[in-house]
Amino acid sequence: MTVIDGAPTGSDQVLDRDAATLAAHVRDCEATLAALPPKPARSPAEQAVADGVQHTARRLRARFLHDHADGVYHRLTGGLSDRLRIRELAAAAATEFPGLVPTEEQIAEELSRPQGEKEGREIDQGLFFRALLRRPAAGTHLLDTMLLPTPRSLSLLPEFRATGQVDLGSLRLERRSGAAYLTVCNTSALNAEDNGLIDAMETAVDLALLDDEVGVGVLRGAEMTHPRYAGRRVFSAGINLKKLHAGQISFVDFLLRRELGYIAKLVRGLLIDDDPGAWPRRTRDKPWIAAVESFAIGGGAQLVLVFDHVIAAADAYFSLPAAQEGIVPGAANFRLTRSVGPRLARQVILSGRTIWASEPDARLLCDDVVDPREMDTAVEQARQRLDNPAVGVNRRMLNLAEEPSNAFREYLAEFAAEQALRLYGEDVVDKVRRSWAREEPV
């Protein structure tokens, strides 16, 4: 808290006053919710009461954050001196400003329930992060914070430097010939992404960027054990809808961390020097190659949009079934138009068009289309071309021109709220329920 001669400043007094008012109103809302049966047992009338109470509380939170987002963030980060990742930030906000966001205990309880039986408390986290990311100072500070190496990455760095390999369970990382090969091996689920894979991906990206012997990163899928694709390599089946149905896809640890964490690091690199006056630069980035085999669905297709060189097997395809799944396809709405143009982007995102590598339009998404048997050779050739200091600086300048940080921040602000709402849309809950009932892999 800012103080003058030991007393809070006027702005801090207003913040504390309004925070206390919000907390009192939210306590009343929570008492009403607590008096109702659990969500699956509620009558339509009881659910209408719950919806009304939650709507009222969210309007109060939105007004509070509209007035105080900068003050809240400054309080939580010690005047921008502390670096709190999004999970830490949400936890700190729940303690410092009761009722503003759900507590860690409330989120843990939500994650123990199927998606259709949750209260939707993650919507309040979306509201919170929308407000912070909308503010230039707070949002920029938060984006930079998420570019720092994670503690897990730093702890594994000596092992990776010494041995050139790390097994992260759902992902294997290996250094060969000056390249970091990230092999996704969530084999029973066709490399669908879940909370654990997001953590493994960010760890691997950090290690590849931190290791001085790595000049290029390569992402590829392992051979599958799923019976439908047994023995075939698969790039990615997107979000794991089974885990979403079970309520085990986290808004903060999956949906937000994915965009602000490892994907942002693929584009912008790691923040390795927190000094704004650092020379020659504050970040470390490297070129990245994607080897797409079988398919890149949903989140897999989103990934393709940030890689510097994309190689597709001739029998592979790309799709972003956002409208069918009912959710927002990450930052694809932000990036796809510049790759394929507005008309094709709308066909892919709004109408669910699939693009096969053999189509002429696929050349807007990938650089090379090769016989599946020639993928190893194509990857090695691309690695040799990109392992060049001039490639690094030019890809940095291209990304700066194509994706200014403020534009990305503003997009992610609205994404935070819209995606949180979509997670609890009736159509989404019904979709994941039907997918689970059919025992689909994703």
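For every chain, the first residue of its written sequence is number 1, and the numbers climb from 1 along that sequence. Where totals are concerned, whole chains, interfaces and linings use all residues; where local detail is concerned, this predicted model gives features only for residues with pLDDT of at least 70, and gives and counts side-chain atom pairs only at 80 or more. Calculation of side-chain values draws on the structure's entire complement of heavy atoms; hydrogens and water are dropped beforehand.

1. Quick notes on the side chain of Lys-265
Then step 1. Tracing the sequence through the fold places Lys-265 in helix α10 (residues 251-268).
Then step 2. Owing to a relative accessible area of 0%, Lys-265 belongs among the buried residues under this scheme.
Then step 3. A 3.5 Å cut-off defines polar contacts: any pair of N or O atoms within that distance qualifies, except that in protein one atom must be a possible hydrogen donor and the other a possible acceptor, and neighbouring residues in sequence count only when both atoms are side-chain atoms. Here the side chain of Lys-265 touches Glu-202 through a polar contact of 2.6 Å, side chain to side chain.
Then step 4. Polar contacts involving the side chain of Lys-265 include one to the side chain of Asp-206, which spans 2.8 Å.
Then step 5. In this analysis, two residues are considered to be in contact whenever any of their non-hydrogen atoms come within 4.5 Å of each other. Sequence-distant contacts of Lys-265, defined by excluding residues within four places in its chain, comprise Arg-85, Met-146, Leu-147, Leu-148, Pro-149, Thr-150, Glu-202, Val-205, Asp-206, Leu-209 and Leu-270. Secondary structure elements follow DSSP: runs of H or I of four or more residues count as helices, runs of E of two or more count as strands, with numbering from the N terminus. Relative accessibility decides the category of a residue: with a 1.4 Å probe and only protein chains considered, values under 20% of the type maximum give buried, values over 50% give exposed, and everything between is partly exposed.

2. Overview of the pattern of salt bridges
Then step 1. Any Lys or Arg side-chain nitrogen found within 4 Å of a carboxyl oxygen on Asp or Glu counts as a salt bridge. The final tally for this structure, using the stated rule, is 47 salt bridges.
Then step 2. Here Arg-85 and Glu-202 are joined by a salt bridge, their closest N and O atoms 3.0 Å apart. Of this pair, Arg-85 sits in the loop between α2 (44-76) and α3 (86-96) while Glu-202 sits in helix α8 (residues 195-210), and the two are 117 residues apart along the sequence. When sorted by exposure, Arg-85 lands in the same class as Glu-202, which is buried.
Then step 3. Through salt bridges with shared partners, a single network forms among Arg-85, Arg-152, Asp-199, Glu-202, Asp-206, Arg-257 and Lys-265.

3. Focus: the side chain of Glu-202
Then step 1. Using a relative accessible area of 0% as the deciding quantity, one classes Glu-202 as buried.
Then step 2. Leave out the neighbours within four places in its chain, and Glu-202 touches Arg-85, Met-146, Thr-150, Ser-153, Arg-257, Gly-261, Tyr-262 and Lys-265.

4. A word on the environment of His-55
Then step 1. Note on placement: His-55 falls in helix α2.
Then step 2. In this structure, the C-alpha to C-alpha distance between His-55 and Ile-249, residues 194 residues apart in sequence, is 23 Å.

5. Quick notes on empty space enclosed by the protein
Then step 1. Points on a 1 Å grid, built from protein atoms alone, make a cavity when a 1.4 Å probe fits but cannot get out and make a pocket when they are open with protein on both sides within 12 Å along at least 5 of 7 lines; residues with an atom within 4 Å of a point are the lining residues. Grid points are joined across faces, edges and corners, and a volume is the space filled by probe spheres set on the points. According to the stated counting rule, one finds 5 cavities of 30 Å³ or more in the structure shown.
Then step 2. Taken as a whole, the largest cavity spans an internal volume of roughly 170 Å³.
Then step 3. Surrounding the largest cavity, 20 residues form its lining, Ile-239, Gly-299, Gln-302, Ile-327 and Val-328 being those nearest its centre.
Then step 4. Elements represented by at least two residues in the lining of the largest cavity include exactly α10, α11 (299-304), α12 (322-325) and α17 (405-423).
Then step 5. Amino acids outside the nonpolar list (Ala, Val, Leu, Ile, Met, Phe, Trp, Tyr, Cys, Pro) and the charged list (Asp, Glu, Lys, Arg) are all regarded as polar, and Gly is one of them. By residue class, the composition of the lining of the largest cavity is 10 nonpolar, 6 polar and 4 charged.
Then step 6. Estimated volume of the second largest cavity: approximately 80 Å³.

6. Quick look at the nonpolar core
Then step 1. Of all hydrophobic cores here, the largest spans 125 residues; its most connected members are Phe-128 and Phe-129.
Then step 2. In contact with Phe-128, other than residues within four places in its own chain, are Leu-65, Val-72, Leu-76, Leu-89, Ala-90, Ala-93, Leu-100 and Val-101.
Then step 3. Throughout this description, the term nonpolar core refers to a set of buried Ala, Val, Leu, Ile, Met, Phe, Trp, Tyr and Cys residues connected via side-chain atoms within 4.5 Å. Within the second largest apolar cluster, 10 residues are counted, among which are Ala-189, Leu-190, Ile-297 and Tyr-317.

7. Digging into the sheet that holds strand β5 (residues 179-184)
The strands making up a sheet associate through hydrogen bonds between their backbones, and the pairing can be parallel or antiparallel.
Then step 1. Overall, mixed pairing links the 7 strands, which are arranged β3-β4-β5-β6-β9-β11-β14 in an open sheet. Strands at the two margins of the open sheet, each flanked by one partner only, are β3 (165-167) and β14 (368-370). Strand after strand, the sheet turns through a mean of 15° between neighbouring axes, direction not considered.
Then step 2. At least two bridges found by DSSP between two strands is the condition for calling them paired. Where strand β4 (residues 171-176) and β5 come together, 6 bridges link them in antiparallel fashion. Each residue of the ladder has a partner; that of Arg-175, found in β5, is Ala-180. Helix axes are fitted to C-alpha atoms over the stretch in contact, other axes to C-alpha atoms as well, and angles between N-to-C directions run from 0 to 180 degrees.

8. Some details on the packing of aromatic side chains
Two aromatic rings are characterised by how far apart their centres lie and by the angle between their planes.
Then step 1. Any Phe, Tyr or Trp ring, taking Trp's six-membered ring, that has another such ring centre within 6.5 Å forms a pair; planes under 30 degrees apart are called stacked, those over 60 apart edge-to-face, and the others tilted. As enumerated under the stated definition, the model contains 9 aromatic pairs in all.
Then step 2. Between Phe-128 and Phe-129, the aromatic rings sit 5.0 Å apart at their centres with planes inclined by 70°, giving edge-to-face as the arrangement.
Then step 3. Phe-129 gets classed as buried once you look at its relative accessible area, which sits at 0%.
Then step 4. Taking 5.3 Å as the distance between ring centres and 85° as the angle between the ring planes, the aromatic pair formed by Tyr-229 and Phe-295 counts as edge-to-face. Highlighted residues: Tyr-229 in the loop between β6 (216-221) and α9 (241-245) and Phe-295 in strand β10 (residues 295-297), separated in sequence by 66 residues.
Then step 5. A network of ring pairs unites the aromatic residues Tyr-229, Phe-295, Tyr-317 and Trp-356 as a single cluster.
Then step 6. Each ring is checked for a lysine NZ or an arginine CZ that lies within 6 Å of its centre and within 35 degrees of its normal; such an atom marks a charge sitting over the ring. The ring of Tyr-181 is capped by Arg-176, whose NZ or CZ atom sits 3.9 Å from the centre of that ring.
Then step 7. Over the aromatic face of Phe-408 sits the side chain of Arg-268, whose NZ or CZ is 4.5 Å from the ring centroid.

9. Description of the sheet that holds strand β12 (residues 317-319)
Then step 1. Read across the sheet, 3 strands follow the order β10-β12-β13 without closing on themselves; strand pairing throughout is mixed. The sheet is open, and its two edges are formed by β10 and β13 (355-356), each paired on a single side.
Then step 2. Strand direction decides the pairing type here: β10 and β12, joined by 3 bridges, are parallel. In the sheet register, Phe-295 faces β12, and the bridge partner there is Tyr-317.

10. Description of the packing of helix α7 (residues 151-163) against α8
Then step 1. Look at α7 against α8: their axes get within 9 Å of each other, and the N-to-C directions meet at 55°. When the axes of α7 and α8 are compared, the pair comes out oblique. Where α7 crosses over α8, the two elements pack in a sense that is right-handed. Residues Arg-152, Ser-153, Leu-154, Leu-156, Leu-157, Phe-160 and Arg-161 of α7 form the contact with α8, whose participating residues are Asp-199, Ala-200, Glu-202, Thr-203, Asp-206, Leu-207 and Leu-210.
Then step 2. Residue classes in the contact of α7 with α8 are distributed as 7 nonpolar, 2 polar and 5 charged. Here roughly perpendicular refers to angles of 65 to 115 degrees, roughly parallel to angles under 35, roughly antiparallel to angles over 145, and oblique to all remaining angles. What makes a crossing left-handed is the near helix being turned counterclockwise from the far one by less than a right angle; a clockwise turn instead makes it right-handed.

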